[in-house]
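# Overview (structure and organization)
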Amino acid sequence: MSAGKTTLPMLSGKPMPIVGLGTWQSKSGEVKEAVKIAIEAGYKHIDTARGYYNEGEIGEALEEMIKAGKVTREELFITTKVTGAAALPHRVRQQTEISLKLLKTSYIDLLLIHFPIAFEDSKLDDTPPSFLPFSEKGEALVSDVDYLDTYKEMEKLVDAGLVKALGLSNFSIEQVKRVWDAARIKPTNNQVECHAWFPQHELTEFCQSKGMTLSAYGPIGSPGSAAIRGSKTSDVLLEDPVVVKLAEKLKKTPAQILMRYLIQRNIIVLPKSVNRDRIISNLQLFDFELSDAEMEEMKSINREERLFTFASFFKGDKVENHPHLPWPKVL
């Protein structure tokens, strides 16, 4: 791809900006300002989820920036997800309507199933809602609902004009194929962990062969969330010797090298930050390219190593034996 290409075509809906602002773990009181900084810097793509508890602040930021004439709703690409209990089929429309209200928009550009396993909704109507409830023993209260039933309810939201495109998150190749084969409205995107140590070559090739896009969370290794993501290594991707060497050679930051590697593979990157300088820097990916030899260098550091196990969210025998667990070997 050319250095200047900033969007990827979608099977449905409008083209997806290849860089988006990730907002997982962005704290209350910080995410609103981060979104405003991002839009000022030129971001058009904002990624959130019901389970991030920040759709309200994001909606306030978007409304203010639209009213100020900094951006139009038509220019924005808003992704959100039905998380945990919100992914139960009978909850999908209700929870999406809450997202619409909080995000202060009449439609969502891309709605994803956050994880193939849904959770029970016994605490979903609490204040605040619990999307990932646990038992008194600390075990995840997961549901045995089939994600195909969830997806069918999401298709109805497209019919109603509330959502423009549908997709998945944290789905394996087999699960993506299962949705694809059953879907009336084909999934357009799969959002997964993807970075130079875990480049997802097979999954990327499969999704792209179908015309789907692949979005990468943790594209620079998510250095600020090691405890919650359950990483089994203390190594830091940003400090990988090959990445550091290329950054010095090209006079770029290690983060820019890591993300450029992904976007040259036509993978959407979703770097998370609330820091003004890093938000701006993370978008400065279009004034340089990695050569074929440099791409091969980056490819060589693949460890096939997940940095996200989500073990803290998915505890208990019911999870480990769940038929829809996408990566049984990591828990």
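What comes next concerns the included structure. (Residues numbered from 1 in each chain as written. Predicted model: local features only at pLDDT ≥ 70, side-chain atom pairs only at ≥ 80, totals over all residues. Heavy atoms only, no water.)

### Comments concerning the pattern of salt bridges
Tallying each qualifying case throughout the model produces 22 salt bridges. Between Lys36 and Glu64 there is a salt bridge, and its shortest N-O distance comes to 2.9 Å. With a gap of 28 residues between them, Lys36 in helix α1 (residues 31-41) and Glu64 in helix α2 (residues 55-67) connect regions that are remote in the sequence. When its relative accessible area of 22% is taken as the criterion, Lys36 is described as partly exposed. (Salt bridge = Lys/Arg side-chain N within 4 Å of Asp/Glu carboxyl O. Helix = DSSP H or I, 4+ residues; strand = E, 2+ residues; numbered from the N terminus. Buried < 20%, exposed > 50% of the residue type's maximum accessible area, 1.4 Å probe, protein only.)

### Side note on the environment of Glu64
For Glu64, a relative accessible area of 32% translates into the label partly exposed. Taking C-alpha positions, Glu64 is 41 Å from Ser291, a pair spaced 227 residues apart along the chain. Those residues within four positions of Glu64 in sequence are excluded, and the remaining contacts are Lys32 and Lys36. (Contact = heavy atoms within 4.5 Å.)

### Some words on the sheet that holds strand β5 (residues 77-82)
With parallel pairing, eight strands are arranged side by side in an open sheet as β3-β4-β5-β6-β7-β8-β9-β10. Each edge of the open sheet carries a strand with a single partner, namely β3 (21-22) and β10 (268-270). Pairing of strand β8 (residues 189-193) with strand β9 (residues 213-217) involves five bridges; the strand directions are parallel. Following the sheet pairing, Asn190 is matched in β9 by Leu214. (Pairing = 2+ DSSP bridges.)

### Structural notes on the pairing of β8
Most of β8 sits out of view: five of its five residues are buried. As paired strands, strand β7 (residues 166-169) and β8 are joined by three bridges and run parallel to one another. Bridge pairing links Ser169 to Gln191 in β8.

### Focus on the packing of aromatic side chains
Applying the stated criterion across every chain yields a total of five aromatic pairs. Judged by centre distance (5.0 Å) and plane angle (75°), the rings of Tyr147 and Phe171 are edge-to-face. Separated by 24 residues along the polypeptide, Tyr147 in helix α4 (residues 147-159) and Phe171 in the loop between β7 and α5 (173-182) bring together distant segments of the chain. Of the two residues examined, Tyr147 and Phe171, each falls in the buried class. Residues Tyr217 and Phe308 carry aromatic rings whose centres are separated by 5.1 Å and whose planes lie at 80° to one another, so their mutual orientation is edge-to-face. Of this pair, Tyr217 sits in strand β9 while Phe308 sits in the loop between α11 (292-299) and α12 (317-320), and the two are 91 residues apart along the sequence. The class of Phe308 is buried, set by a relative accessible area of 2%. Of the aromatic side chains, those joined through ring pairs into one cluster are Trp24, Tyr217 and Phe308. The side chain of Arg73 reaches across the aromatic face of Tyr107, ending 3.9 Å from its centre. (Phe/Tyr/Trp six-rings, centres within 6.5 Å; stacked < 30°, edge-to-face > 60°. Lys NZ or Arg CZ within 6 Å of the ring centre and 35° of its normal.)

### As for unusual backbone geometry
The omega torsion across Thr127 and Pro128 is -5°, close enough to zero to call that bond cis. Looking at the element boundaries, Pro128 is found in the loop between β6 (110-113) and α4. Backbone geometry at Asn170 places phi at a positive 65°, although glycine is not the residue there. Within the element layout of this structure, Asn170 appears in the loop between β7 and α5.

### Quick notes on the nonpolar core
Val35, Leu62, Ile257 and Met298 are the most contacted members of the largest nonpolar core, which totals 105 residues. Per element, the largest residue contribution to this core is seven residues, and it comes from helix α9 (residues 254-263). Apart from the residues lying within four places of it in its own chain, the contact partners of Leu62 are Val35, Ile39, Ile46, Leu76, Ile78 and Leu103. (Core = buried A, V, L, I, M, F, W, Y, C linked by side-chain atoms within 4.5 Å.)

### Thoughts on the packing of α2 against helix α3 (residues 92-103)
Between α2 and α3, the shortest axis-to-axis distance is 7 Å and the interhelical angle comes to 40°. By the angle between their directions, the pair α2 and α3 is classed as oblique. Along its contact with α2, which presents Glu55, Gly56, Ile58, Gly59 and Leu62, the element α3 presents Ser99, Leu102 and Leu103. Here the contact of α2 with α3 is built from residues that sort into four nonpolar, three polar and one charged. (Axes fitted to C-alpha atoms, helices over the stretch in contact; angles between N-to-C directions. Parallel < 35°, antiparallel > 145°, perpendicular 65-115°, else oblique. Nonpolar A, V, L, I, M, F, W, Y, C, P; charged D, E, K, R; others polar.)

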